[in-house]
Amino acid sequence: MQTKQLKELISQMTIEEKIGQLAQITGDFFDTNAKITGPMQTMDLTEKEITKVGSVIGILDYKKVKQIQDMYLAKSRLKIPLIFMSDVIHGANTIFPIPLGLSSAFNEDLIYEVAKISGKEAAIQGCNVTFSPMADLAFDARWGRNMEGNGEDPYLNERLTQAYVRGYQQKDKQGNLQLASCLKHFAGYGLVHAGREYNTVDISQRFLKEYHYPAYKSGIDAGAKMVMTAFNTINSIPAVSNESLLKRDLRQNMNFDYPIISDWGAISELIYHKVAQNKKEAALQAFKASCDIDMMTSCYQKELPKLIDEGLCNEADLDKAVYRLLNLKNELGLFENPYGQIDEEACKNFILSMEIKNKAKEAADESVVLLKNEESILPVKNEEKVIICGPLSNTKELMGPWSIYGDVSAISSIKEYFTKQNKNIKYIDYEQVLQNIELIKGAKKVIFFGGETSFESGEAHSKTNINIEQKQLTVLKQIKTIVKDIVFVNFSGRPLILSEINIYCQGILQAWFLGTMTAQSLYDIIYGNINPSGKLTMSFPRTVGHCPISYRDYPTGRPKEYAIDEYTSKYIDCLNEPLFPFGHGLSYANIQINKIVYDKEEFKKNEKIIIQVEVENLSKISAKQTLQLYINDLVADVIRPRKELKSFKKFKINKLIKKEIIFEINKEMLKYINQNGEEQIDTGDFEIMIGFDSTNVQTQKIKLIK
Ligand code: BGC
């Protein structure tokens, strides 16, 4: 349809029909079970109102989608199709690693491929919009939703967010969008106070602009077709009704002209926030802020007709909101084919196919982070007698949160898969080990699968205690008295406190939740068929008292390094530094940096510095490694992080060879937001730091001259 036709269509719609388009409800209203991903409130929708809604959430089943679409269109006067939206966050039926895990791959090409293939698995079943990616930057391990993001670094978040959007938003042969990507949650949701879910956010405009907006912006620049508002407040105003946030920053400054959707129930929650008396005020505030779609409340449908009638909201704005949604339906080709990309044949052959599983395996292999490997305890040799145990060794619940459509029967438990691979592996039931520690006798190594369960992170799963549970620690301590060599495989949706684990275990693998191919991937890594290459994208605190923590901390007036007495910025009972820093991740290979050569140390704004880094793999095993480049502005208008990631290169390196990696420094990498909220680039001195993690770096001073 052409724009003109869309506008003509809107001109034929009644006010009720237009407002109906802005309402989103679950499939339950159409007599089909849907996934419920938030609190259900009474909506009191009449039959007539239901037949006018514009979108449906939570159905991923082509038969149901077709049935609902048919029923709906049969009753629809203007035959405007429904649009179906779902949370396909890290896979539809085939589950990929949780996004925080996948971010450890430091690999935007891989993320593009994952989004492309999982997007296809969803689209062929009738999904038109996925509520992914989450671009919220976060550095508080207590927050349950860390699992859904890309970690603590703005630059990495920016690059990975756009890769998701590009990956999801493929076009079909007719040029129709196959799936639209909805960026969320605008804005600053990852900063909820004290890591407590849905809590207040207090952030300066400068930090918001400099560190948090760039990822959303990168997603929008990559073409994201929808943005979801956050549950939190910004500047004491809930995001869904925050005009400066939505109208000024998102619509105007970021040039976003596609639908903005509220998060689940957020419009009526303005009443609980105590900024609206009733649903009418709530609807007015959200609509005026330019929130187009009302997810799972009846505020718009019940109240907007009155508000327009009373002249408090204006019909021209309503037309704009409806246009944004119909335009998206049009880009998805739904007017010509209301079933979108539904493909029954592909549903039989593609869902959970080897093609997707292979990609899921590759993604899992790159997501695992080897945190510690003393005395090369890993990889385990095939002939070694190994005992596997631990609370997560005999469960299929390894998909992680937000895998609502995932097929748990497609997963092998660790016990099932490992014991089939190798007769030297003995499984011992965790409960039995708890009763009788002697059962561990006779093993050369123990591999303990612990951490937190798949149900302990995700939305509404904030914690104050992110330690490994006492029961696991006690049994590990006992195991240690019998078997010296212990590897701890940590499953978690967030950084957990591994300080005590670090005392008992020579090997620690961070396994996140790896999805459908968990067991296959962990087996290959533990037995050295795959060389681990993941790097942490969130620092692992030493204690919960460290939270929030990030490698990007700021200089203070009393830095602990320079002060001569006790009045310094430090803890009296713990080191400032995390246990495992951002960017950390070991390899079975020994790769070193031989030399770093800068082509110049001073450069002008129209010039670049070229850096050649010679790396060498000294071992007889090939590897993937990530070289990271950090910058520090030595004197600036406002305080600058002591280290900021500005570039990274992930590369493959075969055994026993040298390789050259090239970095470029340009003035754009030195940009920041000054006191007046404007972009500024300072002339003067900068430090460039290059290494395989954020702490072990080689530093060189450079100068930007006029
Ligand atoms: C979450 C969103 C999600 C939505 C729909 C909300 O509770 O915050 O991220 O997309 O539900 O399921």
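Residues numbered from 1 in each chain as written. Predicted model: local features only at pLDDT ≥ 70, side-chain atom pairs only at ≥ 80, totals over all residues. Heavy atoms only, no water.

Focus on the overall build of the chain
Within the chain, the secondary structure is distributed over 20 helices and 26 strands. For the chain, the C-alpha radius of gyration of 26 Å lies close to 27 Å, the compact-globule estimate for 706 residues. For the chain, the spread of C-alpha atoms along the three principal axes comes to 75 × 65 × 50 Å. Counting over 706 residues, the chain shows a buried share of 62%. For the chain, the proportion of contacts with a sequence separation of at least 24, taken over those separated by at least 6, is 78%. In the chain, which carries 87 positive and 90 negative side-chain charges, the distance between the mean positions of the two groups comes to 3 Å. (Helix = DSSP H or I, 4+ residues; strand = E, 2+ residues; numbered from the N terminus. Rg over C-alpha atoms; globule rule 2.2 N^0.38 Å. Buried < 20%, exposed > 50% of the residue type's maximum accessible area, 1.4 Å probe, protein only. Contact = heavy atoms within 4.5 Å. Lys, Arg positive; Asp, Glu negative; His and termini not counted. Charge placed at Lys NZ, Arg CZ, Asp CG, Glu CD.)

Notes on the side chain of Arg-145
Mapped onto the elements of the fold, Arg-145 is located in the loop between strand 4 (129–130) and helix 7 (154–168). By relative accessible area, which is 1% here, Arg-145 ends up buried.

Brief notes about the sheet that holds strand 22 (residues 658–665)
With antiparallel pairing, the three strands of this open sheet are ordered in space as 17-19-22. Since the sheet does not close on itself, it has two edges, and those belong to strand 17 (591–598) and strand 22, each with one partner. Direction aside, the axes of adjacent strands within the sheet are offset by 25° on average. (Pairing = 2+ DSSP bridges. Axes fitted to C-alpha atoms, helices over the stretch in contact; angles between N-to-C directions.)

Some points on the site of the ligand
By nearness alone, 14 residues border the ligand, and Thr-37, Asp-87, Arg-145, His-185 and Asp-263 come closest of all. With respect to the ligand, the side chain of Arg-145 contributes an N or O atom lying 2.6 Å from an oxygen atom. Between the ligand and Lys-184, the relevant distance is 2.8 Å, taken from an oxygen atom to a side-chain nitrogen or oxygen of the residue. The class makeup of the residues in the shell around the ligand is seven nonpolar, two polar and five charged. (Near = heavy atom within 4 Å. Polar contact = N/O pair within 3.5 Å; in protein donor to acceptor, adjacent residues only side chain to side chain. Nonpolar A, V, L, I, M, F, W, Y, C, P; charged D, E, K, R; others polar.)

A look at the packing of helix 7 against helix 8 (residues 205–221)
Relative orientation and spacing of two packed helices are given, respectively, by the angle between their axes and the distance between those axes. Running from N to C, helix 7 and helix 8 point in directions that differ by 20°, and their axes come no closer than 7 Å. On the basis of their axis angle, the class for helix 7 and helix 8 is roughly parallel. Regarding helix 7 and helix 8, the two cross each other, and that crossing is right-handed. Where helix 7 abuts helix 8, its residues Pro-154, Asn-157, Glu-158, Thr-161, Gln-162 and Val-165 lie against Tyr-211, Pro-214, Ala-215, Ser-218 and Gly-219. Per-class residue counts for the contact of helix 7 with helix 8 are five nonpolar, five polar and one charged. (Parallel < 35°, antiparallel > 145°, perpendicular 65-115°, else oblique. Left-handed = near helix turned anticlockwise from the far one by under 90°.)

Let's talk about the pattern of salt bridges
Inspection of every chain in the model, using the stated rule, returns 52 salt bridges. Here Glu-416 makes a salt bridge to Lys-396, at a shortest N to O gap of 3.7 Å. With a gap of 20 residues between them, Glu-416 in helix 16 (residues 414–421) and Lys-396 in the loop between strand 12 (386–389) and helix 16 connect regions that are remote in the sequence. The class for Glu-416 is partly exposed, based on a relative accessible area of 33%. Linking Lys-671 and Glu-679 is a salt bridge whose minimum nitrogen-to-oxygen distance equals 3.6 Å. Accessibility expressed as a relative area gives 25% for Lys-671, which makes it partly exposed. Beyond isolated ion pairs, a larger network of salt bridges with shared partners links Asp-87, Arg-145, Glu-148, Lys-184 and Glu-459. (Salt bridge = Lys/Arg side-chain N within 4 Å of Asp/Glu carboxyl O.)

Focus: the pairing of strand 1 (residues 23–26)
Of the two faces of strand 1, the one carrying Ala-23 and Ile-25 and the one carrying Gln-24 and Thr-26 are both buried. The sheet contact formed by strand 1 and strand 10 (residues 294–295) spans two bridges and is parallel. Counterpart to Gln-24 in the pairing with strand 10 is Met-295. Pairing of strand 1 with strand 2 (residues 55–57) involves three bridges; the strand directions are parallel. By the bridge assignment for strand 2, Gln-24 is matched with Ser-55.

What about the layout of surface pockets?
A water-sized probe rolled over the atoms picks out the places where empty space is left. Here the largest pocket is characterised by a volume of approximately 1,500 Å³. Lining the largest pocket we find 50 residues, and of these Ser-550, Arg-552, Asp-553, Tyr-554 and Arg-642 sit closest to its centre. The set of elements that each furnish at least two residues to the lining of the largest pocket consists of helix 8, strand 20 (623–633) and strand 25 (684–691). In terms of residue count, the dominant contributor to the lining of the largest pocket is helix 8 (three residues). The computed volume of the second largest pocket comes to approximately 730 Å³. Lining the second largest pocket are 26 residues, and of these Glu-158, Lys-209, Glu-210, Pro-214 and Glu-679 lie nearest its centre. When residues of the lining of the second largest pocket are traced back to their parent elements, those giving at least two are helix 7, helix 8, helix 9 (243–253), strand 21 (644–653) and strand 23 (672–673). (1 Å grid on protein atoms, 1.4 Å probe; cavity = no way out; pocket = protein on both sides within 12 Å on 5 of 7 lines; lining within 4 Å. Points joined across faces, edges and corners; volume = space filled by probe spheres on them.)

Points about the environment of Phe-30
Mapped onto the fold, Phe-30 is located in the loop between strand 1 and helix 3 (47–50). Its relative accessible area of 7% is what places Phe-30 among the buried residues. When the C-alpha atoms of Phe-30 and Ile-414 are compared, they prove to be 40 Å apart, with 384 residues separating the residues in sequence. Excluding anything up to four places from it in sequence, Phe-30 contacts Ile-25, Ile-50, Val-53, Val-56, Ile-68, Met-71, Tyr-72 and Leu-82.

Things to note about helix 18 (residues 470–482)
Taking 1.5 Å per residue as the helical rise, helix 18 with its 13 residues ought to reach 18 Å, and the 19 Å between its terminal C-alpha atoms agrees with that figure. For helix 18, the full list of buried residues reads Gln-472, Leu-473, Val-475, Leu-476 and Ile-479. All buried residues of helix 18 fall inside an arc of 170° around its axis, so they share one side. Across from the buried face of helix 18, at angles greater than 90 degrees, the exposed residues are Gln-470 and Thr-481. Check the buried side of helix 18 and you find it contacts strand 12, helix 17 (430–435), strand 14 (445–451), strand 15 (485–491) and helix 19 (501–504). (Expected span 1.5 Å × (residues − 1). Arc of directions from axis to C-beta.)

A word on the pairing of strand 11 (residues 369–373)
Burial of strand 11 is extensive: five of the five residues sit out of reach of the surface. Note that strand 11 and strand 16 (residues 507–510) share four bridges and pair antiparallel. Bridge pairing links Val-369 to Gln-510 in strand 16.

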